[in-house]
Amino acid sequence: MSSAAPERSVGAALVLGGGVAGMQCSLDLAEGGYKVYLVEKQPALGGHMAQLDKTFPTNDCAMCTIAPKLVEAGRHLNIEIMTNSELAALEGEPGNFTAKVTHDARYVDPAKCTSCGACAEVCPVVVPDSYNMGMAGRKATYKLYPQAIPNTYAVTKLGQSPCKLACPAATSAQGYVALVAAGRFKEAYKVAAEPNPFVSTCGRVCTASCEEACSRGDVEAPIAIRSLKRFVADWANENLPPPERAEIKFDEKVAIIGAGPSGLTAARDLALLGYKTTVFEAKPEAGGMLRFGIPEYRLPKAALQQDIDRVLGLGVELRVNQAAGKDFTVDSLLADGYQAVFLGVGLQGGRPLPIPGNDAKGVFTAVDLLRDITLERPIEIGKKVVVIGGGDVAFDAGRAVLRLGADEVTLVCIEDDESVPGSDEEREEGSDEGISLITSRMPTAVKTDSDGRVTGVEFSACVLGEPDARGWRPPVPVQNTQSELDCDTVVFATGQGLVADFMQGLEGVHVERNQIVFDKETHATGREGVFAGGDAAATGPWTAIEAVAAGRRAARSIHNYLRGEHLVAVMDKRKPEARPGEDILATLEVTPREVMPHIAGATRMRTWDEVSTGFSMEQAVAEAKRCLNCAICSECYECVHACGPGAFLHDEEDTEVDVSVGAVVLASGFDPTPLGSHGEYGYGRYPNILSALEYERMLSASGPNQGEVKRPSDGRHPKKVAFIQCVGSRDQDHDYCSSVCCMFANKQAMLTIDHEPDCKPTVFLMDMRAMGKGFDGFYQRALDMGVVYIRSRPSDIKEDPATGDALITWEDEAGQLHTDRYDMVVLSVGLEPSRRTQDAAGSLGIALNRHGFCQLEEYRPLDTSRPGVFVAGPFSEPKDIPDSVAQASAAAAQVMVSLAYSRGTLTAEKVYPVEKDVVGEEARVGVFVCHCGSNIASVIDVKGAAEYANSLPGVVCSNDTIYTCSSDSLARIKELVGEHDLNRVVVASCTPRTHEPIFQDTLREAGLNPFLFEMANIRDQASWVHRDEPEGATQKAKDLIRMSVARARELEPLYKIDVPLTHAAAVIGGGIAGMTAAAALGDMGYEVHLVERSEKLGGRVLEIDRTIKGSDPAEFVAALERRVLANPKVKVHMGANLTDFHGFIGNFASVIEGRDGARTPIEHGVVIIATGAKEDRPEVFGLGSSQKVVTGMDLEKLLAEDDPAVKDADSVGFMLCAGSLDENKGYCSRTCCAQSIKNAIRLKEQEPDRPVYIWFKEIRTAGLTEEYYTRARELGVVFTRYDNQERPLVTANGSVQVDFKDPYLNKRIEMPLDLLVLATPAVPNEGNEDLSKMLKVPLTADGFYLEAHVKLRPVDFASEGIFLCGSAHYPKGIEETISQAYAAAGRAAAILAKPALKAGGVVAEVDQDKCAACLTCVRICPYGVPSIESDTKKAKIEAAACQGCGICVSECPVKAIELHHYTDAQVFAKEEALIGEQV
Amino acid sequence: MTNDAQEAATMTVEQQLAADVAVVEAMPANEGFEPEIIVFACHYCAYAAADLAGSMRLQYPTNVRMIKLPCTGKLEVIHLLKAFEAGADGVYAAGCLEGECHYLKGNLWARKRIGHVKTLLEELGIDPKRVEMFNMSSAMGARFAETARGFTERIRKLGPNPVRPREGFDPAEAVRARMGDAALPDDSAAEVAGAEITAIIEEGLKT
């Protein structure tokens, strides 16, 4: 707790976890003078609370309460939010740590993203939405939830899909498949064509390595990716216009030799890059081997031509019948002004095998044969044909000769059956058409007759040998296996060669082994400016897609060359392969692959008609929907095209940064217990069984059903809903109570009735753990509403398959079994400590306890095992929101203590230019109307609205901008303010809730007061909600602009003034709460007055003999007392009271009055109430009538003194809830269960045979205290439940006897005891009422202090500058009290850290000339701010304390009060403008 | 407080709007009449709910125009009356759910004032249903849209604000149609009503 290495400590802290605890901690620290790095694993802050519909015990809207926090954290200058990030390791010492933070790429630049959402609109990939617990879909490009902060989109990209990685041209196959699934064929075509102009062609003949890689292949069959490509190509050819000519941007010209796939791809890409390109082709038509090597029935010439036409349409010039070496040479091209030449020549020469007879009459090569067919040259083919080869070309040749009239075609290949190189499709279709295939045979000679005509082929059987250097396996003949096949025609489909005469003598270009030598990455040849690709520049005949890929790479390389950049590898960026997990694959339903229709074999074998006829639209969409979205982001780049500001960074890499901090707070929260281990309740198998968080989303108005409660199985509204408690809590694996689920279930049960009034919720529970403030009242409300509670842990749930109902089997308290039917079941899932932080604990150097929560020492509820690292929220122990928030402020205080000397060293303050004085000037309004990309402009006539604005009175300039909030637009606003001397600015765009601060900041940068700004919400409240009414929406937008301009003209500058602040605190109460708070503030360096009315510090904790962990609290108190007394900043006032309190935040003045009447006036900036509570002594269960009936505190004393009354007692009983949870005290005292169990254990351990009984209404051992409940039962303590209807009767005179009903035996038993200990309620200390009146802070009906907000301001009062902690708030244990005391200190320090308070702005001000001092404002202000000034006798509202709600303004009967920024003139202006001057 | 206002104070939004349907359904539809409606919304809940309706792309009629206040507690009687004087056909306030006001009680004050304005309107011969109080949380985008739809429908049925002169429209006739002859002794009654509002406002401003 002492300041570590103060002179060198870093004035910054890292907070891990952006949930409500992390945000609170960060805000307190940032306000308290520290730079904060807030590290959150999700892309936005908010944590689990942002997912909640309502919060208990008030049923407040969770989003309403957390949203202001989100905005505040998101906007704080000294909080650096690091989303998608994780704290990976921590090095160094307290005060000086180096934290390693890993950051997963977001793929969106938050500085550019305007959050317009256009990207998500166009994203085709829908995945389960984790925010909605998978019950709704979201896009791969997404914002976590609508109110998310940072208000920025992100992309989920798990890597790259296998299909994309497998494609040589890196086609985003998952992308166009997703777009087909979405029915967006035009975009799909664009994605397919982006890397590859041959969409139509590759959609038919691609080797489709994507399909081989497809993950769906592991389930039943890969997606028919190629057929989908064909579908989009065919669709595009029917529906899309020809491309527009590409703009020529550069002077350089490029020549392409060869109009095959590589040449045309290079030509297209270069044309799109802005080059004039000319393609030289030796043949009369373009297409290369695609045209001349693939027969019509497989690739119709028309389909190919469509691809070619789209290339030529860009302005690529094609010169046919231009043979290199004959009509031109490379040199002549270079001389003619082409600065680069691409050799895209193919392997055009057919090569027969070197065997005898290979030149006989009737011998063809497949390449020549197929070419001649295309050129319609006369071919003499026989009736019986042998084709040598087993590849696709062999099949093509064989199937082509069938169509030329051959009767019998036999393919013979060297490969065995398994390794026939032809595609399955070719083999199948060939076989359908009657082609036979003979494998493992190598031809040895072609037999001829005397005329030299073919008569047959001679073969040897063969096996494939070892692969050579290039991977080719030569055939090895098997001895004595010769055979012969009769035939009259032989076709060699055994290889192709380069016809490269023209390259002879070409300087610098080398040909080796039939291939052009070139650089594999840059495609450069040895000659400068000459590049090569395609079949002639590869390792052998290639596939079309590989040729395309080569053309693409070459084009980019040529571009680099021509732009004078280095010739570097321009390969596509590759990311790790992403595949769905085994768990996903295992649960998939088998969905067969769509089969493409085709013409039957017998019909088609004599025609050249295309065999396959293509998918129908329905088939294509159905097939595309089978895609598993392996990488989630499909890299279709639709978002990139849709994003106006250019915010997407698809190549962003994950990063790691080191940040220097002085301290760390772990607020990483919890994960719901995974339900896999509770399969017995049927979760995951039965659709009508939900987890509590799923049900929460279902209840939420912003959830998947917009708040409608419906059964997932059939959408029916349930009539009976069961809640099952302690799922993943209080079991063998989780010997702790998750603390929140009982209240969670109460809340959900009540909300169920709100949503479905005739629905009957039933909660199955063991104990109702309603131990928080107001919780029992809440439980009572649930009972009153008709929620049924059954004390049982169901053993089993079965689904009735006919109805989908759940059949729950449970045992009642008498041991009777029941089975009941429910429409729906909600499992109240427990809380486990954040799994990621558990994993990181080793690298962070912090110890975990046996449950995986952060290991904590007694009395140190915020310190991890590593000094300088603190903990807040459920990572320390399951806890609810207020406890987490309090602990967060407490951790912040701990950091402030440990880094007291470096406070303010790293915080920044923004400096603005001096504001221009506009008072008295005529209004000169500038209007900026935003398109928000297409968000507004697609519905509203933005230009028209901007023109209209220009006509409004007072407007001197009006503008429309694509994104008004983008940095260039903001700069333009500043320019125009100067140019036109603007003194008011109106922006018509999205919502002021997110964007007003940005624009106000721009005004300040431009030298204008930020209150001279006004916003019209024409997106969220016009274009988005009136999509189908563009005219009405435009009219509304104009009206809103007119209203805003009218108000803007009435706006006045407002100034925040510095109000001096007394940097001192008064702490009332010297128990552990008050002492801890005082010590913390003193250690931070603030002056503290600790006021204790008794003569002793320590309070009631000193009455406790031993804590539950076995220590003596007196030792802790003594140490704390020494710390307080040793600090010169802390002035302890014993035997004293605070009186004469008055003033406001930062400027309180009081008197400390001693018992002797001495009065010490003090000034202080804050007050902390820590007045504690005490044990009540109600006359129940014989208390007061027998020595043998004592209270819990009495027992502590007896134990401390080793009194015979305990020592010699043969039997002891504890009566819990003695005088509470009943008509007198409706609340739970929170600590007495643990105290009683602690002492029961002690008694049992002292004397194991001594019977110990506990009678209880509820056992409320929340969190980790549950262990002690387990331990007590293990030791044989007998627990018996009772209720208010049948209370035990205690007879206490000399002896004590308890007469109670045993629920299991269902009969009454009389139990004589030697000692009965009553757990009586804790009640507020006397004096609370007077103090509450003096400080003007409220009390609850039970007499405890009422905090400002039950959830998010647990230690604040609504009146600023006043805080509370400890049992004055509500009964609490030692650690909670310490935590709350630090929290109060942290909240107070966030004020005291400031040099001065800022006051003013939107606050109410009294015109004292009008004031009649009627006290209306004084009475109605919910914050007690207005007061009557003693000298003027008029009302005064202190600007520093005013909250700006305006309630007093509206109620003041003489209109003496005005709320700045919402004056009558400003409101009237808007009202009049609406109707006044319409267009 | 009028009976209507008392009733409204204890009804939920659904009940309020449902009750209207019954009352208003019998009225003749005002073909082609597009009412001008002003909504006073608090910053923390209702304005946020309206934004959420936008995020959720929930569609509602274009007739509502929002004026943002920090809290409906700031909504003054005079502002409500001024809206009618200016010619608005309907006005409603949308605040936080009761018990959930960001400023603790502002929405309860607003409800009270709306009730008061209903009484004033009734005295002036303007249907008190033209002004209403609704409550919603910031997560209730759907409720915002539903309220806007329901209230617009209500005002469409009630017809134009009788104190606002419109071309081709006789306000006195319209008032008579809604309120019966007794409400309008002569043709100038609409002007009288308008003048009375002005008087109330001026008086308010004076004091």
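Because the structure is a prediction, the values reported are computed rather than measured. (Residues numbered from 1 in each chain as written. Chains lettered and ligands numbered in written order. Predicted model: local features only at pLDDT ≥ 70, side-chain atom pairs only at ≥ 80, totals over all residues. Heavy atoms only, no water.)

A. Region of interest: the overall build of chain B. Within chain B one finds eight helices and four strands. Counting from the amino terminus, helix and strand elements in chain B follow one another as α-α-β-α-β-α-β-α-β-α-α-α. Here chain B holds 207 residues, and 62% of them are scored as buried. For chain B, the share of sequence-separated contacts (at least 6 apart) that also reach a separation of at least 24 residues comes to 79%. Entry remark: accessible area of chain B is about 7500 Å², with carbon and sulfur atoms responsible for 54%. (Helix = DSSP H or I, 4+ residues; strand = E, 2+ residues; numbered from the N terminus. Buried < 20%, exposed > 50% of the residue type's maximum accessible area, 1.4 Å probe, protein only. Contact = heavy atoms within 4.5 Å. Areas by Shrake-Rupley, 256 points an atom, 1.4 Å probe, with all protein chains shown as cover.)

B. Region of interest: the side chain of Arg 1250 of chain A. All names here are of chain A. Looking at the secondary structure, you find Arg 1250 in the loop between helix H36 (1232–1246) and strand S58 (1252–1256). Glu 1247 provides the closest opposite charge to the buried, unpaired Arg 1250, separated from it by 5.2 Å. Looking at Arg 1250, its side chain comes within polar contact range of the side chain of Gln 1246, at 3.2 Å. The residues contacting Arg 1250, other than those within four sequence positions of it, are Val 1206, Lys 1207, Ala 1209, Asp 1210, Ser 1211, Val 1212, Leu 1243 and Lys 1244. (Lys, Arg positive; Asp, Glu negative; His and termini not counted. Salt bridge = Lys/Arg side-chain N within 4 Å of Asp/Glu carboxyl O. Polar contact = N/O pair within 3.5 Å; in protein donor to acceptor, adjacent residues only side chain to side chain.)

C. Summary view of the sheet that holds strand S44 (residues 955–961) of chain A. All names here are of chain A. With respect to topology, four strands assemble into an open sheet ordered S44-S43-S45-S46, the strand pairing being parallel. Bordering the open sheet on either side are S44 and strand S46 (1013–1017), each of which pairs with just one other strand. Averaged over all pairs of adjacent strands, the angle between strand axes in this sheet comes to 15°, irrespective of strand direction. Sheet topology note: the strand S45 (residues 984–989)/S46 ladder contains five bridges and is parallel. (Pairing = 2+ DSSP bridges. Axes fitted to C-alpha atoms, helices over the stretch in contact; angles between N-to-C directions.)

D. Up close: the confidence of the model for chain B. Residues and elements named next belong to chain B. The predicted model of chain B has a mean per-residue pLDDT of 78, with 65% of residues at 70 or higher. Low confidence marks residues 1–10, where pLDDT is under 50. Its contacts with residues over four positions away, or in another chain, come to 15 contacts. Confidence drops under a pLDDT of 50 for residues 182–190, and excluding neighbours within four residues, the segment shows twelve contacts in the predicted structure. Across the predicted assembly, pTM comes out at 0.86 and ipTM at 0.81. (pLDDT = per-residue confidence, 0-100.)

E. Local environment of the packing of helix H5 (residues 173–181) of chain A against helix H6 (residues 185–193) of chain A. Residue and element names in this part refer to chain A. Interhelical geometry of H5 versus H6 gives an angle of 170° and a closest axis separation of 8 Å. In terms of orientation, H5 lies roughly antiparallel with respect to H6. On the side of H5, the interface is formed by Gly 175, Tyr 176, Leu 179 and Val 180, while H6 contributes Phe 185, Glu 187, Ala 188, Val 191 and Ala 192. A per-class count over the contact of H5 with H6 returns seven nonpolar, one polar and one charged. (Parallel < 35°, antiparallel > 145°, perpendicular 65-115°, else oblique. Nonpolar A, V, L, I, M, F, W, Y, C, P; charged D, E, K, R; others polar.)

F. Broad picture of the environment of Glu 1326 of chain A. All names here are of chain A. Tracing the backbone shows Glu 1326 in the loop between strand S64 (1322–1324) and helix H38 (1328–1335). Accessibility expressed as a relative area gives 46% for Glu 1326, which makes it partly exposed. Setting aside anything within four residues of it in sequence, one finds Glu 1326 in contact with Arg 1093 and Lys 1174. Of note is the side chain of Glu 1326, whose polar atom sits 2.8 Å from the side chain of Lys 1174.

G. Fine view of the confidence of the model for chain A. With 97% of its residues at a pLDDT of 70 or more, chain A has an overall mean of 92. Across residues 1–5 of chain A, where pLDDT falls below 50, the model places twelve contacts with residues more than four positions away in sequence or in other chains.

H. Representation of H38 of chain A. Residues and elements named next belong to chain A. Along H38, the residues classified as buried are Asn 1328, Leu 1331, Ser 1332 and Leu 1335. Projection of H38 onto a plane perpendicular to its axis shows the buried side chains occupying an angular sector of 100°, all on one side. In H38, the exposed positions angled more than 90 degrees off the buried face are occupied by Glu 1329, Asp 1330 and Lys 1333. Next to the buried residues of H38 lie strand S48 (1064–1068), strand S51 (1136–1144), strand S54 (1166–1169), S64 and strand S65 (1362–1364). (Arc of directions from axis to C-beta.)

I. Spotlight on the pattern of salt bridges. All names here are of chain A. Counting across every chain of the model gives 118 salt bridges over all chains. Among the ionic pairs, Arg 730 bridges to Asp 767, the shortest N-O distance being 2.9 Å. Residue Arg 730 is located in the loop between strand S34 (720–727) and helix H23 (741–755), and its partner Asp 767 is located in the loop between strand S35 (760–765) and helix H24 (775–785); the two are separated by 37 residues in the primary sequence. For the residue pair Arg 730 and Asp 767, the accessibility class agrees, reading buried in each case.

J. Summary view of the interface of chain B and chain A. Taken together, the contacts link 58 residues of chain B with 59 residues of chain A. Regarding the contact of chain B and chain A, the summed buried area is about 5100 Å², with carbon and sulfur atoms giving 59% of it. Sorting the residues of chain B by area buried against chain A places Arg 57, Thr 62 and Arg 65 of chain B first, and these three jointly supply 13% of that buried surface. The tally of links from chain B across to chain A stands at six salt bridges. Note that Asp 51 of chain B is salt-bridged to Arg 993 of chain A, the shortest N-O span being 2.9 Å. Here chain B and chain A share 22 residue pairs in polar contact (both at pLDDT 80 or more) between them. Every element with two or more residues in the side of chain B that touches chain A is listed here: strand S1 (37–42), helix H3 (46–55), strand S2 (64–69), helix H4 (77–86), helix H5 (106–124) and helix H8 (189–206) of chain B. (Buried area = accessible area lost by both parts, 1.4 Å probe.)

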